[in-house]
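# Residue-level structural notes
Here is how the chains run, residue by residue.
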2 protein chains.
Amino acid sequence: LMMPGRTSALTDNIDVMVMLPHNNTYLFSYQRVSPAIEYAIKTLSSGEFAGLRFNVQYENSACGMDALYALVDKQKDERPDLVLGPVCEYSAASVVRVASHWNIPVISAGALATGFSFKTPEYSHITRIAPTYLKMAETFQAMFGRFGWRTASLIYDDDKDERNCYFTIEGVYTVLSEYYKTTDYAVLNSQEDRVDADEIIASVYGSEVVIMCAKADTVRDLMLAAHRRKLTSGSHIFFNIELFNSSSYGDGSWRRGDKYDNEAKAAYSFLNTVTLLRSTKPEFENFSTEMKKSLKQSNIPVCERCSAVNMFMEGFHDALILYAIALREVKSIGLTKKNGLQITHSMWNRTFEGIAGQVSLDAKGDRNGDFSVVRMTDPEAGTHETVMSYFGTNGSFQIMPGFKREWFTLRTSPEPPHPKHSDPSSG
Amino acid sequence: LMMPGRTSALTDNIDVMVMLPHNNTYLFSYQRVSPAIEYAIKTLSSGEFAGLRFNVQYENSACGMDALYALVDKQKDERPDLVLGPVCEYSAASVVRVASHWNIPVISAGALATGFSFKTPEYSHITRIAPTYLKMAETFQAMFGRFGWRTASLIYDDDKDERNCYFTIEGVYTVLSEYYKTTDYAVLNSQEDRVDADEIIASVYGSEVVIMCAKADTVRDLMLAAHRRKLTSGSHIFFNIELFNSSSYGDGSWRRGDKYDNEAKAAYSFLNTVTLLRSTKPEFENFSTEMKKSLKQSNIPVCERCSAVNMFMEGFHDALILYAIALREVKSIGLTKKNGLQITHSMWNRTFEGIAGQVSLDAKGDRNGDFSVVRMTDPEAGTHETVMSYFGTNGSFQIMPGFKREWFTLRTSPEPPHPKHSDPSSG
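Please read these numbers as outputs of a predicted model, since none were measured by experiment.

## Points about the overall build of chain A
A tally of helices and strands in chain A yields 11 helices and 15 strands. The globule rule puts the C-alpha radius of gyration for 427 residues at 22 Å, and the 23 Å found for chain A is close to it. Viewed in the frame of its principal axes, chain A has a C-alpha envelope of about 70 × 45 × 40 Å. Looking at chain A as a whole, 58% of its 427 residues are labelled buried. Taking as baseline every contact in chain A between residues at least 6 positions apart, the subset at least 24 positions apart corresponds to 71%.

## Structural notes on the interface of chain B and chain A
Size of an interface: often given as the accessible area lost when the parts come together. Of the residues lining the interface, 13 residues belong to chain B; the matching set on chain A comes to 13 residues. Between chain B and chain A the total buried area reaches about 1,300 Å² when both faces are included, carbon and sulfur atoms providing 56% of it. The largest per-residue losses of area from chain B upon contact with chain A belong to Tyr 69, Gln 75 and His 101 of chain B, which jointly make up 36% of the total buried on that side. Taken together, chain B and chain A are joined by 6 residue pairs in polar contact (both at pLDDT 80 or more).

## Some thoughts on the pattern of salt bridges
When charged atoms on two side chains of opposite charge get close, those side chains can pair. All names here are of chain A. What the rule picks out here adds up to 38 salt bridges over all chains. Between Arg 97 and Glu 122 there is a salt bridge, and its shortest N-O distance comes to 2.6 Å. Residue Arg 97 is found in helix 3 (residues 89-101), and its partner Glu 122 is found in the loop between strand 4 (106-108) and strand 5 (126-128); the two are separated by 25 residues along the sequence. Exposure remark for Arg 97: the relative accessible area of 16% places this residue in the buried category.

## Topic: a nonpolar patch on the surface
Residues and elements named next belong to chain A. On the surface, Tyr 173, Tyr 185 and Val 187 cluster together into a nonpolar patch covering about 310 Å² of accessible area. Tracing the sequence through the fold places Val 187 in strand 7 (residues 183-188). Judged by its relative accessible area of 45%, Val 187 falls in the partly exposed class.

## Remarks on the nonpolar core
One finds Ile 211, Phe 239 and Phe 408 of chain A together with Ile 211, Phe 239 and Phe 408 of chain B to be the most contacted residues of the largest nonpolar core, which totals 238 residues. Phe 408 of chain A has contacts with Phe 147, Trp 149, Ile 237, Phe 239, Asn 272, Val 373, Val 387, Met 388 and Phe 403 of chain A, leaving out every residue within four places of it along the chain.

## Description of the environment of Glu 78 of chain A
Residue and element names in this part refer to chain A. Relative to the assigned elements, Glu 78 resides in the loop between helix 2 (66-72) and strand 3 (82-84). Using a relative accessible area of 41% as the deciding quantity, one classes Glu 78 as partly exposed. C-alpha separation for the pair Glu 78 and Lys 160, spaced 82 residues apart in sequence, amounts to 35 Å. A distance of 2.8 Å separates a polar atom in the side chain of Glu 78 from the backbone nitrogen of Gln 75.

## Quick word on the packing of aromatic side chains
Here the structure, examined in full by the defined rule, presents 39 aromatic pairs over all chains. Ring geometry for Phe 144 of chain A versus Trp 149 of chain A: centroids 5.3 Å apart, planes at 85°, classification edge-to-face. Trp 149 of chain A matches Phe 144 of chain A in its accessibility class, with the two residues each being buried. Ring geometry for Phe 284 of chain B against Phe 287 of chain B: centres 5.8 Å apart, planes inclined by 55°, an arrangement best described as tilted. With Phe 284 of chain B and Phe 287 of chain B both in helix 9 (residues 282-297) and 3 residues apart, the pair spans about one turn of that helix. A single burial state applies to Phe 284 of chain B and to Phe 287 of chain B, both of which are buried. The rings of Phe 140, Phe 144, Phe 147, Trp 149, Phe 239, Phe 403 and Phe 408 of chain A are connected pair by pair, giving a single aromatic cluster. Seen from the ring of Tyr 166 of chain B, Arg 163 of chain B lies directly overhead, with NZ or CZ sitting 3.9 Å from the centre. Sitting over the ring of Phe 118 of chain B, Lys 364 of chain B keeps its end group 5.8 Å from the ring centre.

## Regarding the environment of Asn 55 of chain B
Residue and element names in this part refer to chain B. Relative to the helices and strands, Asn 55 is located in strand 2 (residues 52-60). Owing to a relative accessible area of 31%, Asn 55 belongs among the partly exposed residues under this scheme. The spatial distance from the C-alpha of Asn 55 to the C-alpha of Ile 355 is 21 Å, given a sequence separation of 300 residues. For Asn 55, the residues in contact, after removing those within four places along its chain, are Asn 13, Ile 14, Asp 15 and Val 16.

## Concerning the state of the cysteines
Residues and elements named next belong to chain A. Summed over all chains, the structure comprises 4 disulfides over all chains. Here Cys 165 connects covalently by a disulfide to Cys 213, the sulfurs 2.2 Å from one another. The sign of the -75° torsion about the S-S bond sets the Cys 165-Cys 213 disulfide as left-handed. Residue Cys 165 is located in helix 5 (residues 164-179), and its partner Cys 213 is located in strand 8 (residues 209-213); the two are separated by 48 residues in the primary sequence. Of the two residues, Cys 165 and Cys 213, neither departs from the other in class, the shared state being buried.

## With respect to the relation of the copies chain B and chain A
Taken as rigid bodies, chain B and chain A are interconverted by a rotation of 180° and an axial shift of 0.0 Å, the fit giving an RMSD of 0.0 Å. Taken together, the rotation and translation describe the operation of a two-fold axis.

## A closer look at the sheet that holds strand 8 (residues 209-213) of chain B
Residues and elements named next belong to chain B. A sheet is described by the order of its strands in space; here 8 strands give the open sequence 7-6-8-9-10-13-14-15, paired in mixed fashion. Every interior strand has two partners, whereas the edge strands, strand 7 (183-188) and strand 15 (396-399), have only one. Ignoring which end each strand starts from, the neighbouring axes of this sheet average 25° apart. Taken together, the 5 bridges between strand 6 (residues 152-157) and strand 8 define a ladder with parallel strand orientation. Within strand 8, the residue paired with Ala 152 across the bridge is Val 209.

What counts and what doesn't
Residues numbered from 1 in each chain as written. Chains lettered and ligands numbered in written order. Predicted model: local features only at pLDDT ≥ 70, side-chain atom pairs only at ≥ 80, totals over all residues. Heavy atoms only, no water. Helix = DSSP H or I, 4+ residues; strand = E, 2+ residues; numbered from the N terminus. Rg over C-alpha atoms; globule rule 2.2 N^0.38 Å. Buried < 20%, exposed > 50% of the residue type's maximum accessible area, 1.4 Å probe, protein only. Contact = heavy atoms within 4.5 Å. Buried area = accessible area lost by both parts, 1.4 Å probe. Polar contact = N/O pair within 3.5 Å; in protein donor to acceptor, adjacent residues only side chain to side chain. Salt bridge = Lys/Arg side-chain N within 4 Å of Asp/Glu carboxyl O. Patch = residues over 30% accessible without salt bridge, like charges linked within 9 Å, V, L, I, M, F, W, Y side chains within 5 Å. Areas by Shrake-Rupley, 256 points an atom, 1.4 Å probe, with all protein chains shown as cover. Core = buried A, V, L, I, M, F, W, Y, C linked by side-chain atoms within 4.5 Å. Phe/Tyr/Trp six-rings, centres within 6.5 Å; stacked < 30°, edge-to-face > 60°. Lys NZ or Arg CZ within 6 Å of the ring centre and 35° of its normal. Disulfide = S-S within 2.5 Å. Least-squares fit on C-alpha atoms with pLDDT ≥ 70 in both. Pairing = 2+ DSSP bridges. Axes fitted to C-alpha atoms, helices over the stretch in contact; angles between N-to-C directions.

Below, the structure is given as structure tokens:
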């Protein structure tokens, strides 16, 4: 075994295959994410990683099997050293299998489904650089423990296509069903059927906590139905999960300009939204500015006041940084870029500085997540703010000034059809 | 375009990749099926296809992703001309995708799930040489129409692994839900949970027809529970689906040597079993004899009175015959073995002589199926026989001498919890 000195310069050519959809309706489209990857390459090109040369090939994953086909079409000597993406679950599943079989590390800011948590045998080479659905679900587990809730009803919109809400709720179900026996669920498909919000809400009577993942309009219908049935008056706690698309929740999300706006505003004063906690640091500003420039060049509308950077852009940026750190480590012990499993394991159980702050990977290569609970704090104006945050790395809560304990306290027991012993002692 | 004369000899080397599990617990293991494939090659080596030389490579699919890995490891110039198998659904899904992408025909006596019926875009090159679950489900559709039933309750054992019963019932659900509105279902997992047969049977009250796919012991528990609740006395019709493993149903399937045997025998006198209709012709005898010889050489126990040949052995035998016919056709119009899609389409919408009788493929490349309904005809002895058969090619029934109309006639309406308008006019 050759053992080069640890001080030898880190030089190498790294072939990177990036698998993202070219369809711009995705938050993780090629047009949005590639500037972040190029930004990371530029950052790496000066300083300690200057000897690394990244040859990036962008493939259109089409959020489907095209990603797999692009990979398997590579002859042995053409195979990449690193795969970034895919984000879509089904697309990622097949790519990660083949890449793992070929000993190629994969880093994705997607592939968030619970199935990828089980790294052996098929998903051995995937590192997930964005907080997964299971990590998000820990927020609920922690709240259930803190506030003494025992039963949940899960409502989700399953489009039978990309199934984001299905996989989101799968994470919640996986965590909660381990600790709380009664976990009911209701499935709807807003693309195929008319959603009967009243019928769905009728099915949650027996559960203390109602957790929804659905389109904004569906959530509004469900909250209106719950409010009319007076389920918002202390017998139930309502949550909406909205991880990525910050524009679809928060201030004014109840507003449609229809005759139900006032009623919806009142209903939404009982709704909690779980979302990603996004933090920034001074260096982030330059990144954000550059990203806005690039997005504008791609004719992607950029909002003025808000950040144009999403979790996927951050994640794929940080993916390259993490890879460079891990590659340096394995090369320092005499291995090469072809030792895919060792590089992968070197990325796991590691904390490093990402573009927006510290990034912490757990021992199985999944990023620990921080999440916020957002709530309407001004029922008159109908405006929202973060009332508490959950930090996955140490499992702690941060309670914000606007927080009120009563919002998370059951005042009465849920009613039949499944009557339960009432014990609101957690109040 | 070169147009060779139609009388030119058909000569070619065909690389065949066979994907079967080496684990002998499968009815379609390498040890069972490879003799049938070799038998077909021997048959083809004399006569009109004598110019074809088949180079067969057997890969262990392991009923999992190993099949995919074996395929994608092939460099461009090593890729096979034909893939036979895999049988297991998840294994087949990824192989068929990549083979289709590479323009390689796939023929399987498995891949029976409904998903493979939709040939575009991902499964364009799969030909299914054994009757699929959807074809089996047509038997139910035809019976519902003939006997005037309207509602069904589907009970299945989902092992979350190969999921044969899940996919079986999926076919029934797909067909029935298109024609009959009320289709309930109950899932159990006999590998993980204790099966509460009484609780499951309590949920079928509102349905006229109960259709089960489960292990023999579970079916017995369910029938005992139904019999004790008197659901066998004319308010419900009971079906069990048992396609492949002929030893697990029929005479004596109710017998366990426990104290419930007599009760079970009485309960089973109300149970109908849907199974594959197997037919043979004189030429089949030699095949069967040869197969028994090969199985004995592999130390596979061979029953004396029954046939050692199963649907998978027949199917993979016939697959090679069908491929040879299709290859001849495309070569006669100047194409080659590399025109995978044309060869595939040439196999579709075709009827030919298989080893056990006529094989008829529909226009989408799925084999039409014939199925039998087996019923206990001697309640004293507890013995069974086929009481009717369904022929998929023309959608007709054949009623056997032992058939009794009353077995398939609802005498009373199903009871609450979901009361329904009673209209047993079909009697």
